[in-house]
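Analysis of the macromolecular model
Spelled out from the first residue to the last, the chains are:
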Amino acid sequence: MPRLIRVLPLVVVCALLVYVLLPGPESLPKGKPETGGEVPTFFRRVVAVGDLHGDLPNALKVLKMNNVIDDNHQWTGEVDFLVQTGDIIDRGDDTILLYQFMEDLRNQARSFGGDVLSHLGNHEIMNSIGDWRYVWGSEIKTFGSVAERQRIISTGWIGAAWRTNYTITSRLPLHPSLGPPNTDYTPSGSPLSHAALSFVHGGISPTFMQATPYPSRINNLGSSLLSKLQRRKQPPPHPPNPYPGLPTDASKDEHELYGSNGPLWYRGWALEDERKVCKDIDAVLDKTGTRHLIMGHTPTFDRQVSRCKGKIIIIDTGISHAYGGVLSALRIEYTLTPVKSREYNIFGRRIRLSVGGERTYLEREVINAVYPHKTEQFVVQEREVAGDFA
């Protein structure tokens, strides 16, 4: 018994030290980023813009406002990826100029090691179908004739750009360890497995059955449908002629892709009740391997909309003069900084301890809506992760 009494205080002290030095996950202290060493800090900046609808001047203003382009409308190299969520066409006269500009900008971006990720919106597919309800007569004149417009957006250079450089949706990893853009999500034990963004024009409905593997399943359907639309004899445009509809050989899955629940038309994330969308969103993020669904299509003319703590972001603000909405873009900045030590408060003293085993990183993600005279913060997330992300 005397020996037990002598040992007991030492046991208590050891237990207290373990309690202090190994805090729970919710109280884990932030590490000190390394300022040197072999592993550099990784940084990625993404700028996303919504529907442009035939307005090149406003598109240029938005891109310049976000340092994507300079005064000469050239790629600055200040951004890693520019993402445009579809609906470049219709409601304006600058169709040809906008598509030419986007192709030039894509080539410039790639020469800097960046890229432009372009998406087909419902209006691109409408025009491919022959549904020209939102085509202005003055815009047709920029092509020369109805027949020439049909040719250019089907077998001509705009149609070729759609086939080659435009997808229905994108999965953009925030860190290169997850692969290049549009790498299919494969579940893994990596703490960065969902460090990616989903972009689409309308939205990926929680009940859309063709979402996985993501994004290739959706994009393969889009590519197949576009090919069928462009190969068929171009029908006389509607109006004044009857609505042509999808090709007779379009599959059931392709009809679903273009349906109201498909990614080109779905508006549920923007319009449904907050409680419902916040209940549904996690399952969609889980199967797409992403942290945020970012989309255009449903405009709010005075601001971008963030829902469910930034898990859903709608970026269409009616940039085109056809709407007169506020100019805006979404800016995402991601940083992964190696950590060499952690700082603890032990009995009132700040003590720094080295971290052994796997390398630890401080991951930080900031998402802002950018307007001409202000910035609105949607997301600031910071956490420590451990692993080999070289």
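Placed above this text is the structure.
Residues numbered from 1 in each chain as written. Predicted model: local features only at pLDDT ≥ 70, side-chain atom pairs only at ≥ 80, totals over all residues. Heavy atoms only, no water.

1. Details of the packing of helix α6 (residues 146-154) against helix α7 (residues 157-165)
It is the contact of α6 with α7, at a shortest axis distance of 4 Å, that shows an interaxial angle of 25°. The angle between the axes of α6 and α7 places the two elements in the roughly parallel class. Of the two possible hands of crossing, α6 and α7 adopt the one that is right-handed. Together, Ile152, Ile153 and Ser154 of α6 and Trp157, Ile158, Gly159, Ala160, Trp162 and Arg163 of α7 make up the contact between the two elements. The residue makeup of the contact of α6 with α7, split by class, is six nonpolar, two polar and one charged. (Axes fitted to C-alpha atoms, helices over the stretch in contact; angles between N-to-C directions. Helix = DSSP H or I, 4+ residues; strand = E, 2+ residues; numbered from the N terminus. Parallel < 35°, antiparallel > 145°, perpendicular 65-115°, else oblique. Left-handed = near helix turned anticlockwise from the far one by under 90°. Contact = heavy atoms within 4.5 Å. Nonpolar A, V, L, I, M, F, W, Y, C, P; charged D, E, K, R; others polar.)

2. Some points on the packing of helix α3 (residues 95-111) against α7
Look at α3 against α7: their axes get within 11 Å of each other, and the N-to-C directions meet at 45°. The angle between the axes of α3 and α7 places the two elements in the oblique class. The way α3 lies across α7 gives a crossing that is left-handed. Contacts between α3 and α7 involve Thr95, Ile96, Tyr99, Gln100, Glu103, Arg106 and Arg110 from the former and Trp157, Ile158, Ala161, Trp162 and Asn165 from the latter.

3. Focus on the pairing of strand β13 (residues 360-370)
Summarising burial for β13: 10 of the 11 residues are buried, a large majority. In this sheet, strand β14 (residues 375-386) lies alongside β13 in antiparallel orientation, the contact comprising 11 bridges. Of the residues in β14, the one forming a bridge with Val366 is Val380. The antiparallel hairpin formed by β13 and β14 contains four residues in its connecting segment. (Buried < 20%, exposed > 50% of the residue type's maximum accessible area, 1.4 Å probe, protein only. Pairing = 2+ DSSP bridges.)

4. Structural notes on the nonpolar core
For soluble globular proteins, the rule of thumb is that nonpolar side chains tend to be buried together. Leu82, Trp162 and Trp269 are the most contacted members of the largest nonpolar core, which totals 68 residues. The element that contributes the greatest number of residues to this core is α3, accounting for seven residues. Counting residues in each nonpolar core, the second largest holds 28 residues, with Ala48, Leu197, Ile294 and Phe389 among its members. (Core = buried A, V, L, I, M, F, W, Y, C linked by side-chain atoms within 4.5 Å.)

5. Section: the pattern of salt bridges
The final tally for this structure, using the stated rule, is 19 salt bridges. Here Arg291 and Glu363 are joined by a salt bridge, their closest N and O atoms 3.0 Å apart. Taken together, the residues Arg291 in the loop between α11 (274-288) and β8 (292-295) and Glu363 in strand β13 connect sequence positions 72 residues apart. Residue classification places Glu363 among the buried positions, given a relative accessible area of 3%. The shortest N-O distance in the salt bridge between Arg331 and Glu333 comes to 3.9 Å. Members of the salt-bridge network, linked through shared partners, are Arg291, Glu363, Glu365 and Arg383. (Salt bridge = Lys/Arg side-chain N within 4 Å of Asp/Glu carboxyl O.)

6. Some remarks on the pairing of β8
Residues His292 and Ile294 of β8 are buried on one face, and the alternating residues Leu293 and Met295, pointing to the opposite face, are buried as well. Relative to β8, strand β7 (residues 196-200) runs parallel, the two being bridged by four bridges. If you follow Phe199 over to β8, its bridge partner there is Ile294. Pairing analysis gives three bridges linking β8 to strand β10 (residues 312-314), with the strands arranged parallel. When the sheet's bridge partners are listed, Met295 is paired in β10 with Ile314.

7. Things to note about unusual backbone geometry
The residue after Tyr214, namely Pro215, is reached through a cis peptide bond having omega 5°. Tracing the sequence through the fold places Pro215 in the loop between β7 and α8 (216-231). In this structure, the amide linkage connecting His238 to the following residue, Pro239, adopts the cis form with an omega of -10°. Within the secondary structure, Pro239 sits in the loop between α8 and α9 (252-258). Its identity as a non-glycine residue notwithstanding, His53 has a phi of 40°, on the positive side. Tracing the sequence through the fold places His53 in the loop between β2 (42-49) and α2 (56-65).

8. Let's talk about the environment of Pro235
Locating Pro235 in the fold gives a position in the loop between α8 and α9. Considering only alpha carbons, one finds Pro235 and Gly130, 105 residues apart in sequence, at a separation of 6.4 Å. Here Pro235 is in contact with Ile129, Gln150 and Pro244, once residues within four sequence places are set aside.

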